[in-house]
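Observations on the three-dimensional arrangement
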Amino acid sequence: MTGTLVLAGTPIGDIADAPPRLAEELAGADVVAAEDTRRLRRLTQALGVTPRGRVVSYFEGNETARTPELVEELLGGARVLLVTDAGMPSVSDPGYRLVAAAVEKDVRVTAVPGPSAVLTALALSGLPVDRFCFEGFLPRKAGERLSRLRDVAEERRTLVYFEAPHRLDDTLAAMAEVFGAERRAAVCRELTKTYEEVRRGPLAELARWAAEGVRGEITVVVEGAPETGPGELDAAELVRRVRVREEAGERRKEAIAAVAVEAGLPKRVVFDAVVAAKTAGA
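Since this is a predicted model, take the numbers as computed values, not measurements.

What about the side chain of Thr84?
Its place among the elements puts Thr84 in the loop between strand S4 (79-83) and helix H4 (96-104). Judged by relative accessible area, Thr84 falls into the buried class, the value being 6%. Among the polar contacts listed, one links the side chain of Thr84 to the side chain of Asp93, at a separation of 3.5 Å. Setting aside chain neighbours within four positions, we find Thr84 in contact with Thr10, Glu35, Pro89, Asp93 and Pro94.

Describing the nonpolar core
In this structure, Tyr161, Leu168, Leu172, Met175, Phe179 and Val222 are the most contacted members of the largest nonpolar core, which totals 27 residues. Counting only elements with at least two residues in this core, the list comes to helix H6 (142-151), strand S7 (158-163), helix H7 (168-179), strand S8 (184-189), helix H8 (203-210) and strand S10 (218-222). By residue number, the principal contributor to this core is H7, which donates seven residues. With residues near it in sequence (within four places) discarded, Tyr161 still touches Glu135, Gly136, Leu138, Leu149, Val152, Met175, Phe179, Ile218, Thr219, Val220 and Val222. Leu5, Val31, Val71 and Leu98 belong to the second-largest nonpolar core, a separate cluster that totals 18 residues.

As for the packing of H7 against helix H9 (residues 235-247)
Contact pair H7 / H9: the axes reach a minimum separation of 9 Å and the direction vectors enclose 115°. In terms of their interaxial angle, H7 and H9 are classed as roughly perpendicular. Within the contact between the two elements, H7 uses Glu177, Val178 and Phe179 and H9 uses Arg240, Val244 and Glu247. Its residues assigned to classes, the contact of H7 with H9 shows three nonpolar, no polar and three charged.

Points about the UniProt feature "domain: Tetrapyrrole methylase" (unreviewed entry) in the protein
Taking the UniProt record as the reference, the feature "domain: Tetrapyrrole methylase" (unreviewed entry) is found at residues 4-207. Segment residues 4-207 splits into 38% helix and 23% strand. End C-alpha atoms: 45 Å apart.

Topic: the packing of aromatic side chains
Applying the stated rule across the entire model yields two aromatic pairs. Relative to Phe162, the ring of Phe134 lies with its centre 5.0 Å away and its plane at 65°, an arrangement referred to as edge-to-face. Of the two residues, Phe134 sits in strand S6 (residues 132-137) while Phe162 sits in strand S7, which places them 28 residues apart along the sequence. In this structure Phe134 comes out as partly exposed when scored by relative accessible area, which is 28%. Judged by its relative accessible area of 13%, Phe162 is buried. Here the aromatic residues Phe134, Phe137 and Phe162 are joined through ring pairs into a cluster of three or more.

Conventions we followed
Residues numbered from 1 in each chain as written. Predicted model: local features only at pLDDT ≥ 70, side-chain atom pairs only at ≥ 80, totals over all residues. Heavy atoms only, no water. Helix = DSSP H or I, 4+ residues; strand = E, 2+ residues; numbered from the N terminus. Buried < 20%, exposed > 50% of the residue type's maximum accessible area, 1.4 Å probe, protein only. Polar contact = N/O pair within 3.5 Å; in protein donor to acceptor, adjacent residues only side chain to side chain. Contact = heavy atoms within 4.5 Å. Core = buried A, V, L, I, M, F, W, Y, C linked by side-chain atoms within 4.5 Å. Axes fitted to C-alpha atoms, helices over the stretch in contact; angles between N-to-C directions. Parallel < 35°, antiparallel > 145°, perpendicular 65-115°, else oblique. Nonpolar A, V, L, I, M, F, W, Y, C, P; charged D, E, K, R; others polar. UniProt positions renumbered as here; feature names shortened; annotations may be inferred. Phe/Tyr/Trp six-rings, centres within 6.5 Å; stacked < 30°, edge-to-face > 60°.

The structure is reproduced here in structure tokens:
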């Protein structure tokens, strides 16, 4: 009889947010796979728990090699508990490979629901929550980052990102360039911790704020592209959309035609807007 893989959510800040079942699972698992065993030790001490099972590390550097070992444990009947440093395993953290491998072998996979920086930031942002998509971390290289942002420039759902504090100003500036300076956003910092802060405002304004330096764990929530009807886009927005497409590799003629279709406008209107912007040096 095969065992069970348990994905356990851990606090993203305040230890009091630990789900009640977490202590029980930590104490009873045959194997505890932790992203950082030192953080796990601090967590178990805070919860007053001593794992009876074997504790092993499971992080980005050894995830590929250790997954087959853990699958063998599962096939042998073990209850394997997977915890990461904060939040739910496999959400921008180790775990996906193990879940996929376990599912392939028909091993039962369950979860201890817990705190999520994605949902917490989304709820606190003040932006629409009825439809959203999680984009994880953006690429570190500027060109790749811009390309990824252009892929979702017209996405109408609210967007949620994780970001490192030392890259936050560059990321917000890139978002302002691609999404528009006035697109609303929220930067959520140190959620549930002592210095929790939610900064809301237009992307350009947030980029200027972040340039002064920001610390802590960061989640960025960005408003989706506006719903627009025929004729509702101003000339500046039409030009911006054409530029986004050109920078993504489209020829100007094709970009103008595509934007015209999106906006429900004659191609001549978009073409004139582009020419006027070029004449004005914009």
